[in-house]
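The lines below spell out each chain.
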Amino acid sequence: MARIVMEALSKVYPGGVQAVSDVSLDIADGEMIVLVGPSGCGKSTLLRMVAGLERISSGTLSIGDRVVNDLEPAQRDIAMVFQNYALYPHMTVYNNLAYGLRNQGIARPEIDRRVQEAAGMLQIADYLDRKPRALSGGQRQRVAMGRALVREPAAFLFDEPLSNLDAKLRVQMRVEIRQLQKRLGTTSLYVTHDQLEALTMADRLVVLNGGRIEQVGTPMELYHRPETVFVAGFIGSPAMNMIDMAYLRDRGAAPGTLPTGTDLLGVRPDDLRLGDGDGLVLSGTVALLEPAGAESHVYVALDGSGQVVTVRVPGLPDVTEGGVLTLSAPLSALHPFNSASGRRVQ
Amino acid sequence: MQTKRMTFTSRWLPYVLLAPQVIITLIFFVWPASQALWQSMLRQDPFGLRTTFVWFRNFERLFADPNYLASMKTTAIFAVGTTLLSLSLSLLFAVMVNRMIRSRDLYTTFLVWPYAVAPAVAGVLWWFIFNPSVGILPYMLEMLGYDWNHRLHAGDAMALVILAAAWKQISYNFLFFLAGLQSIPQSLIEAAAIDGAGRTKRFWTIIFPLLSPTTFFLMVVNIVYAMFDTFGVIHATTAGGPAQATNILVYKVYRDGFIGNNLGSSAAQSVILMGIVIVLTVVQFRWIERRVNY
Ligand SMILES: Nc1ncnc2c1ncn2[C@@H]1O[C@H](COP(=O)(O)OP(=O)(O)OP(=O)(O)O)[C@@H](O)[C@H]1O
Ligand SMILES: [Mg+2]
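What am I meant to see in the overall build of chain B here?
Looking only at helices and strands, chain B features 13 helices and two strands. Seen through its principal axes, chain B has C-alpha atoms that stretch 75 × 75 × 30 Å. A buried classification covers 41% of the 294 residues belonging to chain B. Accessible surface for chain B amounts to roughly 17500 Å². Of this, 68% is attributable to carbon and sulfur atoms. Between the mean site of the 21 positive side-chain charges and the mean site of the 12 negative ones, chain B shows a separation of 9 Å.

Before we go on, may I ask you to explain the pairing of strand β7 (residues 155-159) of chain A in this structure?
As a general feature of sheets, a regular strand has side chains that alternate between the two faces. All names here are of chain A. Of all five residues making up β7, five are buried, and the element is well covered by its neighbours. Here β7 shows a buried face lined by Ala155, Leu157 and Asp159 and a second buried face lined by Phe156 and Phe158. Direction of pairing for strand β6 (residues 78-81) relative to β7: parallel, over a ladder of four bridges. Looking at the pairing, Met80 lines up with Leu157 of β7. Here β7 pairs with strand β8 (residues 187-191) via five bridges, running parallel. Bridged to Phe156 within β8 is Ser188. Handedness of the β7-helix α5 (residues 167-184)-β8 crossover: right-handed.

Is there a simple way to think about the packing of helix α3 (residues 66-99) of chain B against helix α7 (residues 154-182) of chain B in this case?
Between two packed helices, both the angle of their axes relative to each other and the distance between the axes serve to describe the pair. Residue and element names in this part refer to chain B. Running from amino to carboxyl end, α3 crosses α7 at an angle of 40 degrees, the nearest separation of the two axes being 6 Å. One element, α3, and the other, α7, form an angle in the oblique class. Seen along the crossing, α3 lies across α7 with a hand that is right-handed. Per-class residue counts for the contact of α3 with α7 are 21 nonpolar, nine polar and no charged.

Quick question: what am I supposed to make of the site of ligand 1 here?
Residues and elements named next belong to chain A. The immediate surroundings of ligand 1 are formed by Tyr13, Val17, Ala19, Ser39, Gly40, Cys41, Gly42, Lys43, Ser44, Thr45 and Glu160. In the environment of ligand 1, an oxygen atom lies 2.8 Å from a nitrogen or oxygen atom belonging to the side chain of Lys43. Here ligand 1 has 640 Å² of accessible area as a free molecule, and 61% of this is covered by the chains. At three residues, the largest contribution of residues to the shell around ligand 1 is made by helix α1 (residues 43-51). Its residues placed into classes, the shell around ligand 1 shows four nonpolar, five polar and two charged.

Would you mind showing me how to read the sheet that holds strand β13 (residues 273-274) of chain A here?
Within a sheet, adjacent strands bond to each other through the backbone by hydrogen bonds, running parallel or antiparallel. Residues and elements named next belong to chain A. The strand order across the open sheet built from five strands is β13-β17-β14-β15-β16, with neighbouring strands paired in antiparallel fashion. Of all strands in the sheet, those with a lone pairing partner are β13 and β16 (308-314), marking the two edges. In this structure, strand β14 (residues 280-292) lies alongside strand β17 (residues 324-329), joined through six bridges in antiparallel fashion. Looking at the pairing, Thr285 lines up with Val324 of β17.

How should the side chain of B:Gln169 be read in this particular structure?
All names here are of chain B. Along the polypeptide, Gln169 turns up in helix α7. Residue classification places Gln169 among the buried positions, given a relative accessible area of 3%. Dropping the residues within four chain positions of it, Gln169 is found in contact with Ser86, Tyr115, Val221, Asn222 and Tyr225.

What am I meant to see in the packing of aromatic side chains here?
Each pair of aromatic rings is reported with the distance of its centres and the angle of its planes. Enumeration according to the criterion identifies 17 aromatic pairs over all chains in this entry. Relative to B:Trp113, the ring of B:Phe110 lies with its centre 5.3 Å away and its plane at 80 degrees, an arrangement referred to as edge-to-face. B:Trp113 gets classed as exposed once you look at its relative accessible area, which sits at 54%. A ring pair is formed by B:Phe176 and B:Phe217, whose centres lie 5.1 Å apart and whose planes are at 45 degrees; its orientation type is tilted. Placement of B:Phe176 in helix α7 and of B:Phe217 in helix α10 (residues 212-228) is noted, with a sequence separation of 41 residues between them. The partly exposed category is assigned to B:Phe176, whose relative accessible area is 33%. Pairwise contacts between aromatic rings join A:Phe156, A:Phe158 and A:Tyr190 into one cluster. Here the guanidinium or amino end of A:Arg268 rests over the ring plane of A:Tyr223, the centre of that ring lying 4.1 Å away.

Is there a simple way to think about unusual backbone geometry in this case?
Where the residue is not glycine, phi is negative for most of them; where a peptide bond is considered, it is trans in most cases. Residues and elements named next belong to chain A. A cis amide bond links Ser237 with the next residue in sequence, Pro238, at an omega value of 0 degrees. Structurally, Pro238 is set in the loop between α8 (229-234) and β11 (241-244). The phi dihedral of Asp22 is positive, around 55 degrees, even though this residue is not glycine. Relative to the assigned elements, Asp22 resides in strand β2 (residues 18-27).

What is the right way to read the environment of B:Asn131 from this model?
Residue and element names in this part refer to chain B. Here Asn131 is to be found in the loop between α5 (119-129) and α6 (136-143). Note: C-alpha distance between Asn131 and His150 (19 residues apart in sequence) is 8.3 Å. If we skip the residues at most four places from it in the chain, Asn131 touches Pro138, His150 and Arg151. Only 3.3 Å separates the side chain of Asn131 from the backbone nitrogen of Val134, close enough to count as a polar contact.

Just to check I follow, could you spell out the packing of helix α4 (residues 104-112) of chain B against α7(B) for this structure?
Residue and element names in this part refer to chain B. Where α4 contacts α7, the axes come no closer than 8 Å and their chain directions differ by 150 degrees. Regarding the angle of α4 to α7, the classification is roughly antiparallel. Residues Arg104, Thr108, Leu111 and Val112 of α4 lie in contact with α7, whose contacting residues are Ser171, Phe174, Leu175, Leu178 and Gln182.

How do you make sense of the interface of chain A and chain B when you look at a structure like this?
Reports of interface size often rely on the accessible area that becomes lost once the parts have come together. Taken residue by residue, the interface counts 23 residues in chain A and 18 residues in chain B. Interface of chain A and chain B: buried area, both sides summed, is about 1700 Å²; carbon and sulfur atoms make up 61% of it. Looking only at chain A, the three residues that lose the most surface to chain B are A:His90, A:Tyr99 and A:Asn103, adding up to 31% of its buried area. Linking chain A with chain B are two salt bridges, by the criterion used here. Note that A:Arg48 and B:Glu190 form a salt bridge whose closest N and O atoms lie 2.7 Å from each other. Where chain A touches chain B, the interface holds 11 residue pairs in polar contact (both at pLDDT 80 or more). Of all the secondary-structure elements, those providing two or more residues to the side of chain A that touches chain B are α1, β6 and α2 (93-103) of chain A.

What counts, and where the lines are drawn
- Residues numbered from 1 in each chain as written.
- Chains lettered and ligands numbered in written order.
- Predicted model: local features only at pLDDT ≥ 70, side-chain atom pairs only at ≥ 80, totals over all residues.
- Heavy atoms only, no water.
- Helix = DSSP H or I, 4+ residues; strand = E, 2+ residues; numbered from the N terminus.
- Buried < 20%, exposed > 50% of the residue type's maximum accessible area, 1.4 Å probe, protein only.
- Areas by Shrake-Rupley, 256 points an atom, 1.4 Å probe, with all protein chains shown as cover.
- Lys, Arg positive; Asp, Glu negative; His and termini not counted.
- Charge placed at Lys NZ, Arg CZ, Asp CG, Glu CD.
- Pairing = 2+ DSSP bridges.
- Right-handed = clockwise from strand over helix to strand, strands pointing away.
- Axes fitted to C-alpha atoms, helices over the stretch in contact; angles between N-to-C directions.
- Parallel < 35°, antiparallel > 145°, perpendicular 65-115°, else oblique.
- Left-handed = near helix turned anticlockwise from the far one by under 90°.
- Nonpolar A, V, L, I, M, F, W, Y, C, P; charged D, E, K, R; others polar.
- Near = heavy atom within 4 Å.
- Polar contact = N/O pair within 3.5 Å; in protein donor to acceptor, adjacent residues only side chain to side chain.
- Contact = heavy atoms within 4.5 Å.
- Phe/Tyr/Trp six-rings, centres within 6.5 Å; stacked < 30°, edge-to-face > 60°.
- Lys NZ or Arg CZ within 6 Å of the ring centre and 35° of its normal.
- Buried area = accessible area lost by both parts, 1.4 Å probe.
- Salt bridge = Lys/Arg side-chain N within 4 Å of Asp/Glu carboxyl O.

Here's what the structure looks like:
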């Protein structure tokens, strides 16, 4: 159990790639932090810096009350779950779990107790004598989890641990990992590019972009009050619609009482309603209707600009492709942004 | 699944295309091998005037001949020594080069060069270096108080031929080990580092076991090399001496046959060698099919 504090962490790879810039983050004991961001934004790099697998170019990192910048991975008291699991192919599952404990010089009965306990928790007790190649993807994932669990570390680090599983198994494992993490109360840093995983698992979410932190907050905070255009577009699916104020003014449809400096208006597909109303009113033709079971997505091409906005409605709405439509959203649901700064206007 | 078949318009073309390979195999393998098999059952008088068919008498004599048994033992020591030395040195080099980021290719190129040197040339090279009268190493060893003379001391001679033979094989082993090391996923090493294993421990518990298929393959190749492909090295350095101390089986075939003129015995020895190669090859294929360790 430990608090992890990052102060102005930066990473420059040999060759000059600046993968992480000036990242500061205070992770409370027992907290589950999820790192999200587009591919190449530096998530893995940041995680590997915490693990001790990449040198820290500048800044300070402390785990517990120790500054660990110059400590070897083994001395940092962390455990990591890799995307490809990185199980030792020549060892049985039992030995995969026991390997780290043996290296710590823990006594044999204690090793056995911990391995059995972890195997029980993860339901892999039946496979302890098998080699990893004789396991399914999901079972391998559990073994990788087990290897982290038995160490009883101060922190877990996960680098896209579920991305090699099929959709159904991913949901199941996501729930299990979160339950385990809560039960054990181990500080965790979890990297994913799966929106849903990020929103459902995180105590706090960190959105990275180009090696910098865009925003930190609870999933709800990020969803309801994105501070930057990037976060607004990144969190939420389908993505938030961004409508140019110039277009609205031209059509005389600009809603009043928006903060000064607003030139971009964000509105979530959920907040748009079919039909006239107060606040923002748009009109266009239905380009595509996409039924998705409990809900439907309506893609509407706006009159004048042809920009396609997405509307999410429950059930199957009574619209036809090519038909003319009016959309509206209440003022309170609008996100005002300034496109020059890329930030929310207060 | 449907396999694609090439069809030839001419009936003879496939045979013509195959012919060079078949002819080469016939001339350089099947014919000499059957000659050896035939000769191994013949016996000639000292002047080559009379030849008698003696069935397996040549083989019986060989296995009763203390010289032949001694040569087998010499061969075993030589093969094991050469294999161990060249495998361990090349693994060491491969690990060191694999650790480099910048000058990796340069070192790889240098380490591959010895392989291009003909065995006889390599032998002469070592013969000069270790020459008791003019060589540099005996000179240095003498300063350390060791009297090197492979013309007199059996142990020195064995050490010399092992060194010379192993040196030539290092390049080949090195390339395979380097490829083997590079195919081990980096994340495994990282996982082991997080699991608290230091460098040495990681090597012996993760890297070395994962290299075992490569190691086994190279072991067989090196034994075959040491037993059959080192004629040039022996011939140029010790010529089997002193007092048979480095007279390995292949060299004995040559000595008994071409110098001793005992063609029947020499042929029988070749046949035994052929048998050993066949066994080693079978062993290798069996194991490679099953893949060692994991
Ligand atoms: N060893 C390296 N040397 C040089 N540049 C690197 C190295 N590793 C990563 N990078 C670069 O650093 C940046 C961040 O990489 P990183 O792997 O952290 O991204 P990521 O956010 O994990 O992406 P993904 O979601 O695709 O895994 C990328 O531009 C990448 O090209
Ligand atoms: Mg990554």
